[in-house]
Amino acid sequence: MPRRGSGPPAAVGASVFWHSLLALDAARRPLTKVITWADTRSASTAERLRTRLDETAVHARTGAPIHSTFFPAKLAWLREDRPEIFARAATWCGFAEYLLWRVTGQLKASLSMASGTGLLDQRAGTWDDTMLAACDIGRDRLPPIDDAPVIGLAPDFVARWPGLARVPWLPGAGDGACSNLGLDCATPERIALNVGTSAALRVVTDAPGTVPRGLWHYRVDGRRHLLGVLLPKGKRSRVGSPRAGPA
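On a predicted model such as this, the values are computed, not experimentally measured, just so you know. (Residues numbered from 1 in each chain as written. Predicted model: local features only at pLDDT ≥ 70, side-chain atom pairs only at ≥ 80, totals over all residues. Heavy atoms only, no water.)

Asker: Any details on the packing of aromatic side chains? Residues and values, ideally.
Answerer: If you walk through the whole model with that rule in mind, you get eight aromatic pairs. Both rings, one in Phe86 and one in Trp92, keep their centres 5.6 Å apart while their planes meet at 40°; by these two values the pair is tilted. Summarising the burial analysis for this pair, Phe86 and Trp92 share the class buried. An aromatic cluster of three or more residues is present, and its members are Trp18, Phe70, Trp216 and Tyr218. For Arg141, the ring lying beneath its charged end belongs to Phe86, and the centroid distance is 5.0 Å. (Phe/Tyr/Trp six-rings, centres within 6.5 Å; stacked < 30°, edge-to-face > 60°. Buried < 20%, exposed > 50% of the residue type's maximum accessible area, 1.4 Å probe, protein only. Lys NZ or Arg CZ within 6 Å of the ring centre and 35° of its normal.)

Asker: Outline the layout of surface pockets, listing residues and values.
Answerer: Space inside the largest pocket adds up to approximately 290 Å³. What lines the largest pocket is a set of 15 residues, and nearest its centre among them are Ala60, Arg123, Gly209, Val211 and His217. If you tally residues by element for the lining of the largest pocket, the top one is helix H2 (residues 55-62), at four residues. Classifying every residue of the lining of the largest pocket gives three nonpolar, eight polar and four charged. (1 Å grid on protein atoms, 1.4 Å probe; cavity = no way out; pocket = protein on both sides within 12 Å on 5 of 7 lines; lining within 4 Å. Points joined across faces, edges and corners; volume = space filled by probe spheres on them. Helix = DSSP H or I, 4+ residues; strand = E, 2+ residues; numbered from the N terminus. Nonpolar A, V, L, I, M, F, W, Y, C, P; charged D, E, K, R; others polar.)

Asker: Hey, could you go over the nonpolar core for me, with residue numbers and the actual values?
Answerer: Ranked by size, the top nonpolar core spans 29 residues in total, and within it Leu75, Trp92, Leu119 and Ile137 carry the most contacts. When contributions to this core are tallied by element, the ones reaching two or more residues are helix H1 (43-52), helix H3 (71-81), helix H4 (83-88), helix H6 (111-114) and helix H7 (129-135). If you tally residues by element for this core, the top one is H3, at six residues. The contact partners of Leu119, leaving out residues within four places of it in the chain, are Phe71, Pro72, Leu75, Thr126, Trp127, Asp128, Met131, Leu132, Cys135 and Leu142. Within the second largest apolar cluster, 14 residues are counted, among which are Met113, Ala177, Ala200 and Val220. (Core = buried A, V, L, I, M, F, W, Y, C linked by side-chain atoms within 4.5 Å. Contact = heavy atoms within 4.5 Å.)

Asker: Tell me about the packing of H1 against H3, and please be specific about residues and values.
Answerer: Orientation of H1 relative to H3, taken along the N-to-C sense of each, is 105°, at an axis distance of 9 Å. One element, H1, and the other, H3, form an angle in the roughly perpendicular class. Here Thr45, Ala46, Arg48, Leu49 and Arg52 of H1 lie close against H3, whose contacting residues are Pro72, Ala73, Ala76, Trp77, Arg79 and Glu80. Split by residue class, the contact of H1 with H3 holds six nonpolar, one polar and four charged. (Axes fitted to C-alpha atoms, helices over the stretch in contact; angles between N-to-C directions. Parallel < 35°, antiparallel > 145°, perpendicular 65-115°, else oblique.)

Asker: Describe the side chain of Thr91, with residues and values.
Answerer: Summarising the element assignment, Thr91 is placed in strand S3 (residues 91-93). Owing to a relative accessible area of 8%, Thr91 belongs among the buried residues under this scheme. Sequence-distant contacts of Thr91, that is, excluding residues within four places in its chain, are made with Leu22, Ala23, Leu24, Leu107 and Arg141.

Next comes the structure, spelled out in structure tokens:
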């Protein structure tokens, strides 16, 4: 809502958890609950995908290992285990994209959120055709990638938030990327350490070069890249493991 004495906000943005997956039908009604990065039901599917795909090449293109965290394993698992849902799903997206659609009536993904799916060609900034083929979906079943703000609210929200009706809404950005910015770790000289549901080290850079296996590579935005590694916790993936999990 407008801030007292200062006029309406310049824009509205959201920091949203990376790697979530949601199936929507043709009317954009959810067919599944939000499947988070911590859902490991697709772990065995990820193992099978590794026998079919060159994981080194996949990581080089997408910045992500073949792991239950990411969309390829989840989509392949749903295709095998929930074929009726897979067939009905007109759109696959994350919670950030669904939130934007509910509030503004527009469905699209920021480059930041797309980079955490395991389906993004990091160099081209577009959905990766090889991974889409492996998942048996086309680009038409994913949100367009677009960082431009949305002006205007969906009808249900105009009456609820009249002060925000003409305020720009930014597509949600990945929580790990926003964390680095909030911690003033937005340049390669400073590394952010976060400990919570997972524990990770992350660094922002403008030029990632070749990303070693064991690190994941996501995007802050069109200019900045985010490199990171999961820290060990109990018997979970060790630091530097090419199969380490989320951000």
